[in-house]
Amino acid sequence: MRYSGDVYRPPSEAHSLIVQVTYGCSHNKCAFCNMYKAKRFSIRPIEEVFEDLEWARAHYAYIERVFLADGDALILPMEHLQRILEFIRERIPECQRVAVYGSPKSIITKTPAQLETLHAEGLGIVYMGLESGNEELLKRYNKGETAAQIVEAGLKVRRAGLTLSVTAINGMGGVEMWQPHALDTAAALSAMKPEYIGLLTLRVYHGTPLAQWVQEGTLTQLDPLQLAAETRLLIEHLDSEGSVFRANHASNYLILKGTLNRDKAALLKKIDAALEGKQPFRRFVELGF
């Protein structure tokens, strides 16, 4: 397998075969993100993709899942995606699921019929970033779409029969806007009701606009207790029956796992224990940060 630069994947794709079909991110302008700054977005030659898939076929007897990287593989033209999915079906017939990151933009540019076609041809799950449901924060962080557009993109994925996994970012509003961020994000997630919800915690990376905001004092980061209070407000207002909820990323101070709405009370109880000092927070030093 050949990889260009750093390669990222969702936590649930840890055991998947990862194949780069694009380099970088088609948007690559979010103020909090530095993942693909060293790469200029481009479409990888499809012949190289096939060569890597053939290499994997020759070296692995069983490949259960395939993740198509980098940051927004769904932006690829339909014919390009279809050829890749067809190759996987023919050469890796045991593959049970193909996954991609999908930006709201890339979803919006695909018609419902095209998404249904991709699902029928082997695409199983789309990972999409909401980050926040608050319009002011989405604009400030240069997400590229409004909350309404992101919600519609998520619903479009679900209507096509594809599994939808949505991420939000705890702490994105800082001390200044933690309540609107929590409430509006809960509303957006409740409107989409994705199969999976992943809650990350805001990290500040050097060289990003976010780092400058923190340095100049226009955004004040939340401490672990404040983050827990924000998470509590979010979950309290979440109505997303059947969604698997996870806050178990390396960035999270408090690990939370459950299925909504069934486990909402248990999740809130664990957060309350943390707020009362009865449940310890993780320290980043313990995780190697």
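Given the structure is predicted, the values throughout are model-derived calculations rather than measurements.

1. Observations regarding the pattern of salt bridges
Note that side chains of opposite charge can pair when their charged atoms are close. Applying the stated criterion across every chain yields a total of 15 salt bridges. Between E48 and R44 there is a salt bridge whose closest N-O contact spans 3.1 Å. Linking K278 and E276 is a salt bridge whose minimum nitrogen-to-oxygen distance equals 3.3 Å. For E276, a relative accessible area of 54% gives the class exposed. Put simply, R2, R44, E48, E51 and D52 are held in one network by salt bridges that share partners.

2. Points about the layout of surface pockets
Here the second largest pocket is characterised by a volume of approximately 200 Å³. Looking at the second largest pocket, the residues that line it are P11, S12, A14, H15, S16, L17, Y60, Y62, I63, E64 and R65. Class assignment for the residues of the lining of the second largest pocket results in six nonpolar, three polar and two charged.

3. Overview of the nonpolar core
Judged by nonpolar contacts, the single largest core of 63 residues is most densely connected at V66, L68, L74, I84, I88, L123 and F245. Of the residues forming this core, the biggest block, six residues, is contributed by helix α2 (residues 78–91). Contacts of L68, omitting those with residues within four sequence positions, involve V19, V21, A73, I84, I88, V98, A99, V100 and Y101. Formed by 13 residues, the second largest nonpolar core is a distinct cluster that contains C33, I169, L210 and W213.

4. Some remarks on empty space enclosed by the protein
Per the stated rule, a full pass over the model turns up two cavities of 30 Å³ or more. Of the voids in this model, the largest cavity is the one considered here, and its volume is about 110 Å³. Around the largest cavity, the lining comprises 13 residues; the ones closest to its centre are N170, L227, T231, Y253 and L254. Sorting elements by how many residues they give to the lining of the largest cavity places helix α9 (residues 224–236) first, with four residues. Contributing to the lining of the second largest cavity are I169, N170, H181, A182, T185, L199, E230 and L234. Looking at the lining of the second largest cavity, the elements that each hand over two or more residues are β7 (163–170), α7 (178–192) and α9. The element contributing the most residues to the lining of the second largest cavity is α7, with three residues. A per-class count over the lining of the second largest cavity returns four nonpolar, three polar and one charged.

5. Quick word on the environment of Q226
With respect to the helices and strands, the residue Q226 is situated in helix α9. What makes Q226 partly exposed here is its relative accessible area of 33%. With 52 residues separating them in the primary sequence, Q226 and G174 have C-alpha atoms 9.4 Å apart.

6. Focus on the packing of aromatic side chains
This model, assessed by the stated rule, comprises eight aromatic pairs. Each ring, one from F32 and one from Y141, has its centre 6.0 Å from the other, and the planes form 55°; the classification is tilted. Residue F32 is located in the loop between β2 (22–23) and β3 (42–43), and its partner Y141 is located in the loop between α5 (135–140) and α6 (147–159); the two are separated by 109 residues in the primary sequence. A single burial state applies to F32 and to Y141, both of which are buried. Measuring from centroid to centroid gives 5.2 Å for F67 and Y101, while their planes differ by 90°, and the two rings are edge-to-face. Of this pair, F67 sits in strand β4 (residues 65–69) while Y101 is found in strand β5 (residues 97–101), placing the two residues 34 residues apart along the sequence. This pair shows no difference in class: F67 is buried, exactly as Y101 is. Among the aromatic residues, ring-to-ring pairing joins F32, Y141 and W213 into one connected group.

Conventions adopted
- Residues numbered from 1 in each chain as written.
- Predicted model: local features only at pLDDT ≥ 70, side-chain atom pairs only at ≥ 80, totals over all residues.
- Heavy atoms only, no water.
- Salt bridge = Lys/Arg side-chain N within 4 Å of Asp/Glu carboxyl O.
- Buried < 20%, exposed > 50% of the residue type's maximum accessible area, 1.4 Å probe, protein only.
- 1 Å grid on protein atoms, 1.4 Å probe; cavity = no way out; pocket = protein on both sides within 12 Å on 5 of 7 lines; lining within 4 Å.
- Points joined across faces, edges and corners; volume = space filled by probe spheres on them.
- Nonpolar A, V, L, I, M, F, W, Y, C, P; charged D, E, K, R; others polar.
- Core = buried A, V, L, I, M, F, W, Y, C linked by side-chain atoms within 4.5 Å.
- Helix = DSSP H or I, 4+ residues; strand = E, 2+ residues; numbered from the N terminus.
- Contact = heavy atoms within 4.5 Å.
- Phe/Tyr/Trp six-rings, centres within 6.5 Å; stacked < 30°, edge-to-face > 60°.

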